[in-house]
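The residues making up each chain are set out below.
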Amino acid sequence: MKQKKCLGAAEGVTGGSEGVTGGAGVLTGVPAVGGGDVSAVTDGDAPGFSDRGAPVVTDGGAPGVSDRGAPAVIEGPAAPDRRWHLWHLLPTPTGTPFTFCYALVLIATSLYAQLGDPATVSAMLRGSSTDVAHLTSTPVVALVGSALWVAGGLASPYALGFLVVLTALERRIGGLRTAGVFVVGHVVASLATEIPVGIAVWTGHLPETSLHRLDFGISFGLMACVGALAGVLRLKWLRWGLVGTVSLVLLQDLIAYTDPLTALGHPLALCLGLAAWPLVRRWKAQRAAPSYL
């Protein structure tokens, strides 16, 4: 009777041990240890080994393999978050420094244009206009100064377009290259639209007053960046949707023809960006930046 009781107690102990290790599979060939000390429970020092240095052998017969034959999963460092978030549309000081700093300048000039002395603001805008008179006398001042203002202020669609488009482009090709695309679009489109005006005035087809016109803003550079951005978007429907939507807007402006130089300069700047697709795609591949869209 005493032997039966002892055997029953021993079976109860081993059964308790199997109950503890049952969450990870029933162990075979591992002796039960009394007092709750089960050698199959690891201490975290080495995956797949017990606290006494012996391999954990499961029903599959192989160390570190579960009773269903699947390899044991060892947790490692979390993978970087590649999901798209809303804040990726906005510039940041570290992620997109060129767009961020440029946006601060545009915000400052826009607020000054709205709140500053009207006479001073008017004089500054005239001095930074990319008309024929200023392009022939002070071309650098005119080209740089005209890119410091947003036509229509912060409420203009160009302000929002600047933030979204240049942020997305800079995340893909970098700040200096984004600045290069913007500058090429701004300069080439400005010269291409103003030089014919100068020729027309010189030949007598336009009055001399056409040499002095108020022309400033970031729209030419923005259109070049729109065209370049479309070439590095991963989603085809987004790429062609962007090109198609902007082209329809520019076509409406061209049909209305209320401002001939702007109506012609915008499509030209967009085409400059589209022509840069092979270059910006190479830049994106070299940068190897994460693509969210």
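Residues numbered from 1 in each chain as written. Predicted model: local features only at pLDDT ≥ 70, side-chain atom pairs only at ≥ 80, totals over all residues. Heavy atoms only, no water.

Trainee: Summarise unusual backbone geometry; cite the residues concerned and give the values.
Mentor: Outside of glycine, negative phi angles account for most residues, and trans bonds account for most peptide bonds. Look at Tyr257: it is not a glycine, yet its phi comes out positive at around 55°. Relative to the assigned elements, Tyr257 resides in the loop between helix 9 (236–256) and helix 10 (260–275). What makes Tyr257 partly exposed here is its relative accessible area of 41%. (Helix = DSSP H or I, 4+ residues; strand = E, 2+ residues; numbered from the N terminus. Buried < 20%, exposed > 50% of the residue type's maximum accessible area, 1.4 Å probe, protein only.)

Trainee: Outline the pattern of salt bridges, listing residues and values.
Mentor: Between side chains of opposite charge, a pair can form as their charged atoms come close. Within the structure shown, the criterion is met by 3 salt bridges. Between Arg213 and Asp215 there is a salt bridge, and its shortest N-O distance comes to 3.4 Å. A relative accessible area of 11% places Asp215 in the buried class. Where Arg213 meets Asp259, a salt bridge forms, and the shortest distance between an N and an O atom there is 3.3 Å. (Salt bridge = Lys/Arg side-chain N within 4 Å of Asp/Glu carboxyl O.)

Trainee: Please set out the nonpolar core residue by residue, giving values where relevant.
Mentor: In this structure, Phe162, Val181, Phe182 and Val280 are the most contacted members of the largest nonpolar core, which totals 33 residues. Breaking this core down by element, the ones donating at least two residues are helix 2 (97–115), helix 6 (157–173), helix 7 (175–202), helix 8 (219–232), helix 9, helix 10 and helix 11 (277–287). Ranked by the residues each element gives to this core, the list is headed by helix 8, at 9 residues. Not counting chain neighbours up to four residues away, the residues in contact with Val181 comprise Ile173, Ala224, Cys225, Ala228, Val280 and Trp283. Counting 5 residues, the second largest nonpolar core, distinct from the first, contains Val197, Val201, Leu211 and Leu261. (Core = buried A, V, L, I, M, F, W, Y, C linked by side-chain atoms within 4.5 Å. Contact = heavy atoms within 4.5 Å.)

Trainee: I'd like to hear about the side chain of Asp215, residue by residue, with values.
Mentor: Mapped onto the elements, Asp215 comes out in the loop between helix 7 and helix 8. Not counting the four nearest positions on each side in its chain, Asp215 is found in contact with Ser128, Ser129, Thr130, Ser146 and Glu194.

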